[in-house]
Amino acid sequence: ASFVFSFDEDEDEDDAGDWMDAHFEGSIKPITEEDKKTLEERVREIEEASKPAAAPREEDQPQTAYSPSAGFSAMTVDDLHDNLVKGSMLVVDVRSRQAYRRAHAKTFPWQSVNIPFTEFSAWKQSGAFEKYKRFKLAIMCQGGKVSSQATVRLTRVYGFDSDKVCHVEGGVNEWIQRGFGVQQAC
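The text that follows walks through the structure, step by step, so that each part is easy to find.

Scoring rules and cut-offs
Residues numbered from 1 in each chain as written. Predicted model: local features only at pLDDT ≥ 70, side-chain atom pairs only at ≥ 80, totals over all residues. Heavy atoms only, no water. Helix = DSSP H or I, 4+ residues; strand = E, 2+ residues; numbered from the N terminus. Buried < 20%, exposed > 50% of the residue type's maximum accessible area, 1.4 Å probe, protein only. Contact = heavy atoms within 4.5 Å. Areas by Shrake-Rupley, 256 points an atom, 1.4 Å probe, with all protein chains shown as cover. Pairing = 2+ DSSP bridges. Salt bridge = Lys/Arg side-chain N within 4 Å of Asp/Glu carboxyl O. Phe/Tyr/Trp six-rings, centres within 6.5 Å; stacked < 30°, edge-to-face > 60°. Lys NZ or Arg CZ within 6 Å of the ring centre and 35° of its normal.

## Observations regarding the overall build of the protein chain
Moving on, step 1. In terms of regular secondary structure, the protein chain is built from seven helices and seven strands.
Moving on, step 2. For the protein chain, the sequential pattern of α-helices and β-strands runs α-α-β-α-β-α-β-β-α-β-α-β-α-β.
Moving on, step 3. Classification of the 186 residues of the protein chain by burial places 30% in the buried group.
Moving on, step 4. Residue pairs in contact within the protein chain that sit at least 24 positions apart in sequence constitute 64% of those at least 6 positions apart.
Moving on, step 5. Here the protein chain has roughly 13200 Å² of accessible surface; of this, 52% comes from carbon and sulfur atoms.

## Observations regarding the sheet that holds strand β2 (residues 90-93)
Moving on, step 1. Here five strands make up an open sheet; going across it, the order is β1-β6-β5-β2-β4 and the pairing parallel. A single partner strand is all that each edge strand has here, and the edge strands are β1 (74-75) and β4 (112-114).
Moving on, step 2. Taken together, the four bridges between β2 and strand β5 (residues 137-140) define a ladder with parallel strand orientation. Following the sheet pairing, Asp 93 is matched in β5 by Met 140.

## Brief notes about the pattern of salt bridges
Moving on, step 1. Enumeration according to the criterion identifies seven salt bridges in this entry.
Moving on, step 2. A salt bridge links Lys 133 to Glu 130, with the nearest nitrogen and oxygen atoms 3.5 Å apart.
Moving on, step 3. Judged by its relative accessible area of 43%, Glu 130 is partly exposed.

## Things to note about the packing of aromatic side chains
Moving on, step 1. Using the criterion set out here, one finds nine aromatic pairs in the structure.
Moving on, step 2. With a centroid separation of 5.0 Å and an interplanar angle of 80°, the aromatic rings of Phe 120 and Phe 129 are classed as edge-to-face. Across the pair, exposure class does not vary: Phe 120 and Phe 129 are buried alike.
Moving on, step 3. By way of ring pairs, the aromatic residues Phe 117, Phe 120, Trp 123, Phe 129, Tyr 132, Tyr 158 and Phe 160 are connected into one cluster.
Moving on, step 4. Here the basic side chain of Lys 133 rests over the ring of Phe 160, its NZ or CZ set 5.6 Å away from the ring centre.

## What about the side chain of Thr 107?
Moving on, step 1. Along the chain, the position of Thr 107 falls in the loop between β3 (104-105) and β4.
Moving on, step 2. Setting aside residues up to four positions removed in sequence, Thr 107 forms contacts with Leu 84, Val 91, Ser 112 and Gln 183.

## Some thoughts on the pairing of β2
Moving on, step 1. The side-chain alternation of β2 yields two buried faces, one formed by Leu 90 and Val 92 and the other by Val 91 and Asp 93.
Moving on, step 2. The pairing of β2 with β4 spans three bridges and is classified as parallel. Across the sheet, the residue bridging to Asp 93 is Asn 114, located in β4.

Set out below in structure tokens:
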């Protein structure tokens, strides 16, 4: 949109001021103290509405199989590394055998085992899982999603003690990103 303004040289300047006053005098009013209070209240309302909501409390969240209150526990790769150094944990890598051979967390041979998540049912049926129930297990996958499912399956379905089974957050990706050792099969 464009605007065209014209100026009549014959028009008296005082008349121009009177014209402005005449047209806007009724619509422009000074702000009263009551208006100021109303505006201040409105500003407070807007500021309150723009604040981020408080984080929901855990007890207000619906309980899922992945909730700490349901016995699900997770650990960081830093915690896993510390536990491996102490010799107090066994890593169960639930990725495929090919992915495990390409790269897995470097541990002593007795600290790591590859049990693909796709083979869990066969391991359960054969009874092969039973020997691992006495160990503290760190369940690891590539990025953390499959290992969380495996953790729930072990604890909620296969009867492992939830105090002894931890999901590793971020999986092998996080392990590598943090600069911890990686081992590759020959």
